[in-house]
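So you can see what is in the structure, the chains are spelled out below.
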Amino acid sequence: MFIKILINYLIGYINVSIEGYYIERFINICISKKILLWNLKRKKSSFLYANISLREFKKIKQIAKTTKCRIKIEEKKGMPFLLNRYKKRKIFIVLLLLIIVSIITLSNFVWNIEVIGNEKINQDEIIKQLEEKGVKIGISKQKIDSKKIINDIRLQRDDIAWMGIKVKGTNVVVEIVESDKKPEIIDEEQYCNIISDKEGIVTKINAQNGTALVKTGDIIKKGNILIGGWLEGKYTGTRYVHAKGEVQARIWYSKKEKMSLNMQIEEKTGRIEKNYGMNINNLKINLPKALPKFQNYDTIIENKKLKLFSNLYFPIEFTKIVYEEKQKIEIKYTPEEAKQILLKKLEEELKKEIKDVENIVNTQINYNQGNNEIEVELIYEVLENIGTKEKILF
């Protein structure tokens, strides 16, 4: 669509107003006849502004007559009319032509890469792999073999379930769907043990198939076999099976952290200073300005690429650097305030690790106050079903 609009700009186009009660029908007929209308602006329910090429203007006059709409030329636009207006300003015309030629030339290359759909996978990893396959800033769009690149990356990674590459304007949009790494599923016909995946004390064991190797009260470590994938018979001897059963244990989760009673925190004052720069195809141009007068500050850098429309990027990037002043403030806490702050933090962190907080059967809090600081240790005792299956290798 951009190319069509650009061509119309070069050969000339007009801005028209359409007035009537059947504007929707007018637009639908234009779409069905593949007549390009762009930059549509609605004014009230019965008034519309639109751009159209000169050669298609006669067609819409007939459509307007059919739909009982009135059509009027508001303005003539494009290169021919612009040249006529500025025919005495030769330098301006030459510069304008150079800009148009540059835009057309640059539109054949990739000037932005966008990755969407990733949550766990780092965007920089994908961009680095794309660069290894030849998809990088400045490459010709014609050289991108999407199918081959997708297949190569999919073979290299098992954390991508689906991948798509679309070239839109000068923008390459890479869409990925992440795959969930599922635990290995052991077939019911395969021999396996049930092993401990945590440390704790066994409170209950029920071996439905296989041999229980621990009992209530036993201390277990990660990797210990809980239910063996075999059965001993007086007449049959050792017979291997697919172990099944339930093992419950007491598991302890603990965290500790220290905190000073006298702390210095940094707070923003609201004063800021700004600096600007430009990056033209990796050539950095910083506008001359001294460093901020603040002694203590945060630096925030914002980059924005030059683009026309939604997907037509160019190799020009504008940089805004914002310096935000900070000041140090001293805060004093009582031992009780510090305890509560640390305790709340530890509770939030530990409960993220526990699958079911309703199974917490006991809580222990240890305090240790030293010279101008306090340490808090939080321990949760949890009843959990533990164990994971592991193949028996012969």
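Parameters and conventions
- Residues numbered from 1 in each chain as written.
- Predicted model: local features only at pLDDT ≥ 70, side-chain atom pairs only at ≥ 80, totals over all residues.
- Heavy atoms only, no water.
- Helix = DSSP H or I, 4+ residues; strand = E, 2+ residues; numbered from the N terminus.
- Rg over C-alpha atoms; globule rule 2.2 N^0.38 Å.
- Buried < 20%, exposed > 50% of the residue type's maximum accessible area, 1.4 Å probe, protein only.
- Areas by Shrake-Rupley, 256 points an atom, 1.4 Å probe, with all protein chains shown as cover.
- Lys, Arg positive; Asp, Glu negative; His and termini not counted.
- Charge placed at Lys NZ, Arg CZ, Asp CG, Glu CD.
- Salt bridge = Lys/Arg side-chain N within 4 Å of Asp/Glu carboxyl O.

Visitor: Got a minute to help me understand the overall build of the protein in this structure?
Guide: Broken down by element type, the protein carries eight helices and 22 strands. Taking 394 residues into account, the globule formula puts the C-alpha radius of gyration at 21 Å, and the protein, at 35 Å, lies well above it. Considered along the principal axes of its C-alpha atoms, the protein spans approximately 105 × 70 × 50 Å. The buried share of the protein, reckoned over its 394 residues, is 34%. When the accessible surface of the protein is summed, it comes to about 26,300 Å², and 51% of that surface belongs to carbon and sulfur atoms. Computed over 70 positive and 51 negative side-chain charges, the inter-centroid distance for the protein is 17 Å.

Visitor: Is there a simple way to think about the pattern of salt bridges in this case?
Guide: Opposite charge on two side chains permits pairing when their charged atoms draw close. Evaluated as defined, the whole model comprises 17 salt bridges. Lysine 258 is paired through a salt bridge with glutamate 373; the nearest N and O atoms lie 3.9 Å apart. With a gap of 115 residues between them, lysine 258 in strand 15 (residues 244-260) and glutamate 373 in strand 21 (residues 373-386) connect regions that are remote in the sequence. With its nearest N and O atoms 3.8 Å apart, the salt bridge here joins lysine 320 to glutamate 302. Residue lysine 320 is found in strand 19 (residues 312-332), and its partner glutamate 302 is found in strand 18 (residues 297-308); the two are separated by 18 residues along the sequence. The partly exposed category is assigned to glutamate 302, whose relative accessible area is 40%. One network of salt bridges, in which partners are shared, links Glu125, Arg157 and Asp159.

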